Structures are given as structure tokens and as C-alpha cells.
Amino acid sequence: MKRICVLGGTGYAGGAIAREAAGRGHEVVVFSRKPPAELPPGAKSVTGSALVRADIARAASGADVIVVALAPTGDLETSFVAVNADIADVARILGARLGVVGGAGSLLTEPGGTKVYETEEFPARFKAFAQASDDVLHELRASDPELDWFVLSPPTGFGHYAPGTATGRFRLGGDVMLKGNDGRAEISGADYAQAFVDEIERPAHRRARFTVAY
Ligand SMILES: NC(=O)c1ccc[n+]([C@@H]2O[C@H](COP(=O)([O-])OP(=O)(O)OC[C@H]3O[C@@H](n4cnc5c(N)ncnc54)[C@H](OP(=O)(O)O)[C@@H]3O)[C@@H](O)[C@H]2O)c1
């Protein structure tokens, strides 16, 4: 059993991870500004702002793993990279592992190829969002070697607009976006969360980014 603090644990990705982790018997704390309407059985809620380092430290106190499922929107739009650096520092000081929900945009279209968000097909309205997520990955790759982190990037067809269902069948990859034979790059919220919690239980990607898709 691990103690897992999910920052943004009431959102789409964070909520799925919190449910999966609590369902497997881990001790889960979800952190958000507003208290959740509903909590996974056994989980606890801590409210606060990710902009306040003391709030993050309070929520993460005693955690074995700190999950970052915040999004670069709203009051985090311009501070996302700095807030993630603060969270990484809190994790390093607490000796906690850091697991970050990444973006699809920073994945490569093919080995040695272009980043997905730098292609012409990538929607312009999501570019700043994808860039912020890529900047966080860049900072983690340059971080203190003492920090034990992983980033799990979903494919482009992941998000609250396409929740899908739990299948328990998916593939893991590295820096290149995975696509099915039909050309689709997708993963449901539940299957993404399963891969994420698998990594928490059996670390296979230390100081590395990986991806998951059908
Ligand atoms: N296909 C893709 O590449 C893709 C698609 C979707 C998401 N993602 C990734 O997944 C991550 C999470 O996205 P999401 O769609 O799951 O986000 P979301 O549903 O908007 O959830 C955001 C969470 O963060 C909390 N939050 C927001 N601002 C906060 C603050 N200042 N302090 C504390 N908590 C705060 C929210 O709760 P409160 O509002 O109550 O604070 C909520 O729990 C993003 O970083 C994104 O890169 C990737």
C-alpha cells in the first residue's frame, strides 16, 4: 500500500488516477481548490491552491508518491511551469516519487521526428497548453538526479471529451505517439489511470517519460 497525493485529483485525469489507486487499496489524498462532490471510497480531500507552496506541502505530507494532474489553465495558465518546479522541489525534499500527467503534444510523430504540437495539423488553440506541458518535461529532465520522477503522456485522443471505457488492454511506448492500425491515437481515462497506477506499484520508468495507447 502506498500513500498517494493527487494534485488536481478532482479533474478528468486526476480523478481517474485517484479512483484507480483507491480501488487498489492505496491511501489516497486528492488536492484541489474546491472540495469534490464525491470522493473515491477511502480517499481524503485536502483543499488549497497549487499557487501556495505551503498548501502543496500540507497535502503531500507523508506521501510516497505525489501525482501532478493539474492543467495549465485558469490561474495556472501563466504559472504552470513555476508551480510544477515548486512541486518537484517539495517531492525532492519529502523524498517522494513524482508522477506527472503529461501531454500528447510533446510526443514525437515518429522516431527522431517532430513533436506533435509542432506539426501543422496540431490545433493552434492547444499550442500554448502543449508547450507548457513540454516545458515541464524539459525541466524534469534537467532536474536534480535525486528526484525520482516519471511523466506519462497520453495520446491526442485522450480527454474529458472521450472518456471511453476500461478495457485493461493497451500498449506502452516511449517518446513516440502510439497509433492503432486504424490510425487512431486513443486511450480511455480508466485505462490511462491503470497504466499510471501500474507504474506507481511497479516502477519501470525512472526519470523518464513514457506513453500509453491502444
Ligand atoms: N490529450 C492530451 O494531451 C491531454 C488531454 C487532457 C489532459 N491532459 C493532461 O492532463 C493534465 C490534467 O488535465 P485535466 O483535463 O485532467 O484537467 P482538469 O479536468 O481541468 O482538472 C484540473 C484539476 O486541477 C485542479 N486545480 C486547478 N487549478 C488549481 C489550483 N490553482 N490549485 C489547486 N488545484 C487546482 C482542479 O480542481 P479545482 O478547480 O477545484 O481546483 C482539478 O482537480 C494536464 O496537464 C494535461 O496536460 C492531456
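Structure: see above.
From a predicted model like this one, the values you see are computed outputs, not experimental measurements.

Brief notes about the pairing of strand S8 (residues 208-213)
Regular strands place their side chains on alternate faces of the sheet. Of the strand pairs in this sheet, strand S6 (residues 149-153) and S8 are connected by four bridges, and their pairing is parallel. Following the sheet pairing, Phe150 is matched in S8 by Ala208. Both strand S7 (residues 171-173) and S8 contribute to a ladder of three bridges, which runs antiparallel. Note that in S8 the partner of Arg171 across the bridge is Ala213.

Digging into the sheet that holds S6
Taking strand neighbours across the sheet as the criterion, the eight strands line up as S3-S2-S1-S4-S5-S6-S8-S7 in an open arrangement whose pairing is mixed. The open sheet terminates on both sides in strands that have one partner only, identified here as strand S3 (44-47) and S7. Ignoring strand direction, the axes of neighbouring strands in this sheet form an average angle of 25°. Both strand S1 (residues 3-7) and strand S4 (residues 65-68) contribute to a ladder of four bridges, which runs parallel. Across the sheet, Ile4 pairs through a bridge with Val65, a residue of S4.

Quick word on the site of the ligand
Taken together, 28 residues are adjacent to the ligand, and Gly8, Gly11, Ser32, Arg33 and Ala104 come closest. At three residues, the largest contribution of residues to the shell around the ligand is made by helix H1 (residues 12-23).

How each quantity is defined
- Residues numbered from 1 in each chain as written.
- Predicted model: local features only at pLDDT ≥ 70, side-chain atom pairs only at ≥ 80, totals over all residues.
- Pairing = 2+ DSSP bridges.
- Helix = DSSP H or I, 4+ residues; strand = E, 2+ residues; numbered from the N terminus.
- Axes fitted to C-alpha atoms, helices over the stretch in contact; angles between N-to-C directions.
- Near = placed C-beta within 6 Å.

Purely spatial values, then, with no claim about function.
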